[in-house]
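Okay, here's what each chain looks like letter by letter:
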Amino acid sequence: MSQRQLILGAVVLLLGSWGFLPEFTVTMLNYVGLYALVAVGLVMLTGIGGMTSFGQAAFVGLGAYATAWFCTDPGAAAWLGLAPGSAWLPWEGLLAGLVLSATLAWMLGSVTVRLSGHYLPLGTIAWGLSLYFLFGNLDFLGGHTGMAGLPALTLGSLTLKSVRELGLLTWTVLLLTVWALHNLLDSREGRAIRALKSGRVMAESMGVDTAHYRIKVFVLAALLASLSGWLYAHLQRFVNPTPFNLNVGIEYLFMAVVGGAGHLWGAVLGAALITLMKQYLQDILPSLLGASGNFEVVVFGLLMLLVLQHFPDGLWPSLVLRTSRLLKARSVAHEPGLRRLAERKLPSRGSAVLCASGVTRRFGGLLANAKVNLEIHAGELHALIGPNGAGKSTFFNLISGVDEPDAGVVTLLGKDMVGQPARAFARSGLSRTFQHVRLLATRSVIDNVALGAHQRGASGWIASMLRLDRAEEACLREEAGRQISRCGLEAQVHRPAGSLPLGQQRLVEIARALCGQPCILLLDEPAAGLRHQEKLALASLLKQLSQEGLAILLVEHDMEFVMNIADCITVMEFGKVIAQGSPTQVQANPLVLEAYLGGADWELRP
Ligand code: ADP
Ligand code: MG
């Protein structure tokens, strides 16, 4: 049996037994479903997107209050042109809640999501608290007393009066959400979302507009919370501010983290565990301790500490690991790509691809790059060398959009690029690797490599959720597979990138860079950590690529490697270019020998 069949079986069992389960079980399951819906959003936001939010309960409140107001305020019904008590009011309330949540999330997200480190969670606490107090202080929302008399939901002629009926809707919504999000994560857009966690620089260099994606994930999580709030309000038929307090927001985060913050099913598991545990503790603690009080909160906190200590990645991954021996691994079958990916027209051999002129960058009083001029042509393998601190990495950043020069011009295929972000460089045909490897360690090699082709696809979130992107996805994976073979990594395709030796991780980065169909490739120390045989293979790959017309600029410390493959070498020292020419010319240049080796020439020779 595969994991998929097991999950399907559990779902069928749940739905099949729904009519026969005891009332109490159905009520508990209903709450699990409602909480899981919020927690699934948090998995997307926190576990996968890397943005911690304590404030999700406020969005649940927004969804609940929107429908409560629409359904109970006669003014609202009149404004909508509906009779008070109309069966349409809850649906208008749902729409209003979603629109309100999305708008607010977009606004709050634009401010908060930019924050980094601990400022982001602090920001979410701030607006979480503000919204909670707002609910309690607005008279038209019933103040701290709340609003009563919400109607039951109706679906056509069906009225969802009982917990059993509404629970069925809750679980249908939850399962459809998990399905859609699972599809989203298994797509081009999903790879971009996962890339957010590894920081701005890598994702932007792959062509991903990180600010845009972060806000979109934020809005998605808010929408799911709001949807849960709507269902909650029509289950309770009553709304007050208490369930939308900050401590509930913290509980949602607990659900996501305890279940396994990086896994959608982890959210469902976490929600089930915490809901059942709290209920159980509430029931047994008073009789155990012989006194009443909020002891369950204390015990709950201690249990959470224990769980997090023993399962830092959450319970779901451990569960999967333990059952993996019993379950068949899912074979990833992909249909052959029928469509073609967008292809760029490559510049003709010998024409200038990237020109840097007078590029200058200061860090305080330090001149890291002083009027650097460099031109790289199609089909040329250009090496940039120089002692440590010469300014090579700084120059790399300036010509790839990671950093901006204080003065000077950078043009890519004749286009002025100064002031453009890294993703604009990537879209114009510049691909790069990093001195300190930046891969998604837990994702497979092919997933990592396919991210490099991000900007060659076009499918959006909705298409990915509905699996309408399969033809394009097949093309992207096929392209990734091609580049993986080219870099000699066929045997590693499905292994997690982080499990490979460093030398091979560098090759994965090269394959990822090639997936973008670049016209210029920037490689920061690609041979570091490679064995002799691997270096030879890399050298022949780079030579082949340059023969195909690719412009390559590489920073490398291994002189034997550089002297053997470079067509042209630029030498930097103290931020300045001190020499430029063929390997033979550079090796004979006394300035270079002086700067690089303090006069001794043996190390420069291959
Ligand atoms: P290389 O890659 O050639 O070893 P770098 O470009 O990393 O050299 O660094 C050049 C000089 O600029 C060094 O003196 C380094 O300390 C300084 N430098 C680099 N980046 C920064 C930064 N972000 N802030 C301050 N100084 C920096
Ligand atoms: Mg460096």
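Starting from 1, residues in each chain are numbered consecutively following that chain's sequence as written. Chains carry letters from A onward and ligands carry numbers from 1 onward, assigned in written order. Where local features are concerned, this predicted model is filtered to residues with pLDDT of at least 70; where side-chain atom pairs are given and counted, the filter is 80 or more; whole-chain, interface and lining totals use all residues. Think of the side-chain values as coming from all heavy atoms in the structure, minus any hydrogens and water.

**Overview of the overall build of the chain**
Rules: Under the scheme used here, helices are H or I runs from DSSP no shorter than 4 residues and strands are E runs no shorter than 2 residues, and both carry numbers assigned from the N terminus. Burial classification: accessible surface area is computed with a 1.4 Å probe over protein chains only, and a residue below 20% of its type maximum counts as buried, one above 50% as exposed, and the rest as partly exposed. Only heavy atoms enter the contact rule, under which two residues are in contact if any of them lie within 4.5 Å. Note on areas: Shrake-Rupley with a 1.4 Å probe; residue coverage comes only from the protein chains shown.
Broken down by element type, the chain carries 24 helices and 14 strands. Projecting the C-alpha coordinates of the chain onto the three principal axes gives extents of approximately 90 × 55 × 50 Å. Residues counted as buried form 53% of the 606 residues belonging to the chain. Across the chain, every contact between residues at least 6 apart in sequence was considered, and the portion connecting residues at least 24 apart equals 75%. Of the roughly 26400 Å² of accessible surface on the chain, 61% is carried by carbon and sulfur atoms.

**Some thoughts on the site of ligand 1**
Let me state the cut-off plainly: Only a single heavy atom is needed: when it lies within 4 Å of a molecule or strand, its residue is near that molecule or strand. Counting of polar contacts relies on pairs of N or O atoms within 3.5 Å, with two restrictions inside protein: one atom must be capable of donating a hydrogen and the other of accepting it, and residues adjacent in sequence are counted only when both atoms are side-chain atoms.
What surrounds ligand 1 is the set Phe363, Leu366, Ala368, Pro387, Asn388, Gly389, Ala390, Gly391, Lys392, Ser393 and Thr394. Within the side chain of Thr394, one N or O atom sits 2.5 Å away from an oxygen atom of ligand 1. Taken by itself ligand 1 offers 560 Å² of open surface, and the protein chains cover 57% of this. Sorting the residues of the shell around ligand 1 by element identifies strand S6 (366-377) and helix H15 (392-398) as the ones contributing at least two each.

**Comments concerning the pattern of salt bridges**
Inclusion rule: Any Lys or Arg side-chain nitrogen located within 4 Å of an Asp or Glu carboxyl oxygen qualifies as a salt bridge.
Applying the stated rule across the entire model yields 19 salt bridges. With a closest N to O distance of 2.8 Å, Glu204 and Arg423 form a salt bridge. In this pair, Glu204 is assigned in helix H9 (residues 200-205) and Arg423 in helix H16 (residues 422-427), connecting sequence segments 219 residues apart. Asp209 serves as the salt-bridge partner of Arg423, at 3.6 Å between the closest nitrogen and oxygen. Here Arg423 is found in helix H16, whereas its partner Asp209 is found in the loop between H9 and helix H10 (210-236), with 214 residues between them in sequence. Residue Asp209 is classed as partly exposed on the basis of its relative accessible area, which comes to 23%. Among the charged side chains, a network of salt bridges with common partners joins Arg191, Arg443, Asp447, Glu473 and Arg477.

**Here's the deal with the sheet that holds strand S7 (residues 381-385)**
Rules: Note on pairing: two strands pair once DSSP finds at least 2 bridges between them. Only the contacting stretch of a helix is used when fitting its axis, a line to C-alpha atoms as for every element, and angles between N-to-C directions run 0 to 180 degrees.
Strand order in this open sheet of 6 strands is S10-S11-S12-S7-S13-S14, and the pairing throughout is mixed. Edge positions in the open sheet fall to strand S10 (430-432) and strand S14 (576-581), since each of these has one partner strand only. Neighbour to neighbour, the strand axes of the sheet diverge by 20 degrees on average, direction disregarded. As defined by bridge partners, strand S13 (residues 568-573) adjoins S14 across 5 bridges and the pair is classed as antiparallel. Residue pairing across strands places Ile569 opposite Gly581, the latter belonging to S14. Helix-sheet contacts for helix H20 (residues 502-515) involve S10 and strand S11 (520-524), and the interaxial angle to S11 is about 160 degrees.

**Digging into the state of the cysteines**
Definition in use: Any cysteine sulfur atom paired with another within 2.5 Å is treated as part of a disulfide.
The full count for this structure, using the stated rule, is 0 disulfides. Unpaired in this structure, Cys515 has its nearest cysteine sulfur neighbour in Cys487, at a distance of 9.1 Å. For Cys515, a relative accessible area of 0% translates into the label buried.

**So, unusual backbone geometry**
Positive phi, close to 60 degrees, is recorded for Arg237, a residue that is not glycine. One can find Arg237 in the loop between H10 and strand S4 (238-239). A relative accessible area of 27% places Arg237 in the partly exposed class. Although it is not a glycine, Glu525 adopts a positive phi angle of roughly 50 degrees. Note that Glu525 resides in the loop between S11 and helix H21 (532-547). Glu525 gets classed as buried once you look at its relative accessible area, which sits at 11%.

**Focus on the pairing of S7**
Burial of S7 is extensive: 5 of the 5 residues sit out of reach of the surface. Of the two faces of S7, the one holding Leu381, Ala383 and Ile385 and the one holding His382 and Leu384 are both buried throughout. As judged from the 4 bridges shared by S7 and strand S12 (residues 551-555), these two strands associate in the parallel manner. From the neighbouring strand, His382 faces S12, where its bridge partner is Leu553. Across 4 bridges, the pairing between S7 and S13 is parallel. Paired with Leu384 across the strands is Thr570, a residue of S13.

**What about the packing of aromatic side chains?**
The condition that has to hold: Stacked, edge-to-face and tilted labels apply to pairs of Phe, Tyr and Trp rings (six-membered ring for Trp) whose centres lie within 6.5 Å, assigned for plane angles under 30 degrees, over 60, and everything in between, in that order.
Tallied over the entire structure, the rule returns 14 aromatic pairs. Residues Tyr35 and Tyr252 carry aromatic rings whose centres are separated by 5.9 Å and whose planes lie at 65 degrees to one another, so their mutual orientation is edge-to-face. With Tyr35 in helix H2 (residues 23-48) and Tyr252 in helix H11 (residues 246-260), this residue pair connects regions lying 217 residues apart in the sequence. Look at Tyr35 and you get partly exposed, because its relative accessible area is 22%. For Tyr252, a relative accessible area of 4% corresponds to the buried category.

**Examining the nonpolar core**
Formally: What is meant by a nonpolar core is a set of buried Ala, Val, Leu, Ile, Met, Phe, Trp, Tyr and Cys residues, joined one to another through side-chain atoms within 4.5 Å. Domains are outlined according to an automatic or database domain assignment.
By size, the foremost hydrophobic cluster in this structure holds 100 residues, and its most contacted members are Met44, Trp171 and Leu181. Taken domain by domain, the makeup of this core includes at least three residues from each of domain 1 (3-323) and domain 3 (442-516). Not counting the four nearest positions on each side in its chain, Met44 is found in contact with Gly49, Leu181, Leu184, Leu185, Ile193, Val217, Leu220 and Leu264. Counting 50 residues, the second-largest nonpolar core is a separate cluster that includes Leu489, Leu550, Leu554 and Ala566.

**What to know about the environment of Ile578**
Topologically, Ile578 is positioned in strand S14. Separated by 103 residues in sequence, Ile578 and Cys475 have C-alpha atoms that sit 45 Å apart. With near-sequence residues (within four places) excluded, Ile578 lies in contact with Val571, Met572, Glu573, Asn589, Leu591, Val592 and Ala595.

**A closer look at the packing of H11 against helix H12 (residues 264-289)**
Selection criterion: An angle below 35 degrees is treated as roughly parallel, one above 145 as roughly antiparallel, one from 65 to 115 as roughly perpendicular, and anything else as oblique. Working rule for handedness: look at the near helix, and if it is turned counterclockwise from the far one by less than a right angle, call the crossing left-handed; if clockwise, right-handed. Just so you know the grouping, Ala, Val, Leu, Ile, Met, Phe, Trp, Tyr, Cys and Pro go in nonpolar, Asp, Glu, Lys and Arg go in charged, and all remaining residues, Gly too, go in polar.
Viewed as axis vectors pointing N to C, H11 and H12 meet at an angle of 120 degrees, and their least axial separation amounts to 7 Å. Taken together, the axis directions place H11 and H12 in an arrangement best described as oblique. In this structure, H11 meets H12 at a crossing whose hand is right-handed. For the pair H11 and H12, contact is made by Glu251, Phe254, Met255, Gly259 and Gly260 and by Gly266, Leu269, Gly270, Ala271, Ile274, Thr275 and Lys278, respectively. Here the residues of the contact of H11 with H12 sort into 5 nonpolar, 5 polar and 2 charged.

**Observations regarding the sheet that holds strand S9 (residues 415-416)**
If you walk across this open sheet you meet the 4 strands as S6-S5-S8-S9, and the pairing is antiparallel. Two strands close off the open sheet at either side, each with one partner strand: S6 and S9. Bridge count for strand S5 (residues 352-363) against S6 is 8 bridges, and the pairing is antiparallel. Residue pairing across strands places Arg361 opposite Asn369, the latter belonging to S6.

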